[in-house]
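This is what each chain is made of:
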Amino acid sequence: MTLGPKIAWDDNVLPFQLDRSDIRGRVARLDGVLDGILKQHDYPPAVEALVAEMALLTALIGQTIKLRWKLSLQVQSKGPVRMIATDFYAPEKEGEPARIRAYASFDRDRITDGRPMDQVGEGYFAILMDQGKGMQPYQGITPLVTSSLSDAAEGYFAQSEQLPTRFQLSFGRSTEKGGQEHWRAGGVMLQHMPKQSPHVQGGGTGEGGLLQADDILSEDEGEDWRRANFHLDTVEDMELIGPSLPPTELLVRLFHEESPRVFDSLPVRFGCTCSEDRVRQSLSIYSAKDIEKMTTEEGIVTADCQFCGAHYELDPKTVGFEAEDAGK
């Protein structure tokens, strides 16, 4: 594979459909996006892996849902990793890239040498959708009773949306010939689209009574789903991550019997929406007395963006709802 095609497929999400069945999917490759996310922080390796997995899930899910504004994924946990948060911003104009940002909050002294998921304790996985002004925000939650973040995302779609969903992901540090070590990630998402809206009564057969694909699909639909998953089980990590195999060729290798059809790909970039105006807006609910408590010995109010590391220094007289010189 030449450098040109490699660059063309890095940091992109390719939607596809399996015409033999009611299954749609996405293939995602992340390279520079992960560097943009992870270089902002000094994460331990286990935390880096969790953020990388969450960012990859965000790219796959964000392209699936037709948004006017923003999709957010969150993990809240009682473990050493207290929270992982990601945002997917839909393109503002046709032809523009989507933007992704992510960060994790954790207790460094509680991080162990165990698996990344061992750092996540009891908690929940949530998907939040903000479709802009005049639209009602949506939030769906599922408990963290699984062995990976992708399992939690599958559980969310089965339980909250009653859509059988499968993620096959690979991510880690990669060193290409003549290059420096950096993070790469790749994955495939499959989702069975029902012919009619399902409504399952009672609990499912999954762990903790959660719904699974067999609880939702009819016999014929279940056969299609199992067959597609059988093909996906044959994928190798290097095929997912690339960069030597284009996603189009990967789909042909995996699903040639399913008549795969691809659509326009979506480029994704690291991007943060923080700004001084947004900081001022977030501080506008505080009184002058509250702002005084936030003021440093140097006589300024500071704020740091958890996503991109941007640092803001503000005159305390210009912030809060009692500001004397607002906007200066």
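Our subject is the structure that appears above.
Residues numbered from 1 in each chain as written. Predicted model: local features only at pLDDT ≥ 70, side-chain atom pairs only at ≥ 80, totals over all residues. Heavy atoms only, no water.

## Quick word on the overall build of the chain
Threshold: Here a helix means four or more residues in a row that DSSP labels H or I, a strand means two or more in a row labelled E, and each is numbered from the N terminus. Remark: exposure states derive from per-residue accessible area (1.4 Å probe, protein chains only) relative to the maximum for the residue type, with buried under 20%, exposed over 50%, and partly exposed in between. Here a residue-residue contact requires only that any non-hydrogen atoms of the pair lie within 4.5 Å. Accessible surface area values rest on a Shrake-Rupley calculation with a 1.4 Å probe, where residue burial reflects the displayed protein chains alone.
Each helix and strand counted, the chain has 10 helices and 13 strands in total. Across the 328 residues that make up the chain, the buried fraction comes to 50%. In the chain, once contacts between residues fewer than 6 apart in sequence are set aside, the share between residues at least 24 apart is 65%. Here the chain displays about 16500 Å² of accessible surface, and carbon together with sulfur accounts for 47% of that area.

## Overview of the nonpolar core
Across soluble globular proteins, you tend to see nonpolar side chains buried next to one another. Selection rule: Here, nonpolar core refers to any group of buried Ala, Val, Leu, Ile, Met, Phe, Trp, Tyr and Cys residues whose side-chain atoms link them within 4.5 Å.
One finds Val51, Ile84, Phe125 and Phe167 to be the most contacted residues of the largest nonpolar core, which totals 56 residues. Considering each element in turn, this core owes the most residues, 12 residues, to helix H3 (residues 45-64). If we ignore the near neighbours within four places in the chain, the residues touching Phe167 are Leu57, Leu60, Ile61, Ser150, Ala153, Glu154, Phe157, Val188 and Met189. Ranked by size, the runner-up nonpolar core spans 18 residues in total, among them Leu18, Ile23, Val188 and Leu240.

## Quick look at unusual backbone geometry
Of note in this structure, Asp11 is not a glycine but carries a positive phi near 55°. Relative to the helices and strands, Asp11 is located in the loop between helix H1 (3-9) and strand E1 (12-18). Despite not being glycine, Ser259 has its phi angle at roughly 55°, a positive value. Relative to the elements of secondary structure, Ser259 occurs in the loop between helix H8 (247-255) and strand E10 (260-262).

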